[in-house]
Amino acid sequence: MAAVKKRNGGLKEVWRKFLVALKRRPQLIPMAVLVGAFLFYSLNLMYISDTTARIQGPGMGLAGFATMLFSMLSFMCFLNAFPYRKKPNIPMLALLFVMLGVVICSDVYYINAVLTAVNRAENPIVVTENTIYIMYAEWYLRIHIGILAAAIALTALLPVYSKWLRKIKTSIDVGDNGDLEAIDISGEA
């Protein structure tokens, strides 16, 4: 029974420390979403690369390269936009939004190239069981755009929810037995 109480108390303490960390650095929330978007794109890059090799549309490889490059550069902009214990760096924040806009535009361009190749009048790319990765790439890019939109929204709304996070009570109530007056700290014997 004591082990269960200790574990529950330990989980509460871990949760409290997590909330304290979020209160101090609320920008970790949009950063986590940005990292999630990058991982999602990177882990599904096989479908995008296979689609680029199959369709070979103009600018498809460049769009995929721009998405990867600006995704990585946006991390540096994000880290420089929110220095520790300082006010946000507005020029870096603006550059972050521009880079994320370029990533979204590259994804939209790639999706349009896929849809054009699949729906063109002469010699369309037929999606079969062997080329289903084409539709997977298009679907994953739509999800990637959604995750990036969430990261942009979370970054833009950071001042709003950081105030809400500060209102969460994370202090520890220290027990008092009421005998503080009985302690003699004067040093007189």
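Residues numbered from 1 in each chain as written. Predicted model: local features only at pLDDT ≥ 70, side-chain atom pairs only at ≥ 80, totals over all residues. Heavy atoms only, no water.

Engineer: Could you give an account of the overall build of the chain, with specific residues and numbers?
Structural biologist: A count of helices and strands for the chain gives seven helices and zero strands. Each helix (α) and strand (β) of the chain, taken in turn from the N terminus, gives the series α-α-α-α-α-α-α. Burial analysis of the chain (189 residues in total) assigns 33% to the buried set. Pairs at least 24 residues apart make up 78% of the contacts formed inside the chain by residues separated by at least 6 positions. (Helix = DSSP H or I, 4+ residues; strand = E, 2+ residues; numbered from the N terminus. Buried < 20%, exposed > 50% of the residue type's maximum accessible area, 1.4 Å probe, protein only. Contact = heavy atoms within 4.5 Å.)

Engineer: So what's going on with helix 7 (residues 158-166)? Which residues, and what values?
Structural biologist: Among all positions of helix 7, only Leu 158, Tyr 161, Ser 162 and Leu 165 are buried. Down the axis, helix 7 shows its buried residues gathered within 110 degrees of arc, on one side only. Summarising the geometry of helix 7, the exposed residues directed more than 90 degrees from the buried face are Pro 159, Lys 163 and Trp 164. (Arc of directions from axis to C-beta.)

Engineer: Any chance you could break down the packing of aromatic side chains for me, citing the residues and the numbers?
Structural biologist: For any pair of aromatic rings, geometry is given as the distance between the ring centres together with the angle between the planes. According to the stated counting rule, one finds six aromatic pairs in the structure shown. Where Phe 40 meets Tyr 140, the ring centres are 5.7 Å apart and the plane angle is 85 degrees; that geometry is what we call edge-to-face. Note that Phe 40 is positioned in helix 2 (residues 28-43) and Tyr 140 in helix 6 (residues 133-156), a separation of 100 residues in sequence. By relative accessible area, which is 21% here, Phe 40 ends up partly exposed. A centroid spacing of 5.4 Å and a plane angle of 70 degrees characterise the contact between Tyr 47 and Tyr 136, whose relative ring orientation is edge-to-face. With Tyr 47 in helix 3 (residues 45-55) and Tyr 136 in helix 6, this pair connects stretches of sequence that are 89 residues apart. By relative accessible area, which is 36% here, Tyr 136 ends up partly exposed. (Phe/Tyr/Trp six-rings, centres within 6.5 Å; stacked < 30°, edge-to-face > 60°.)

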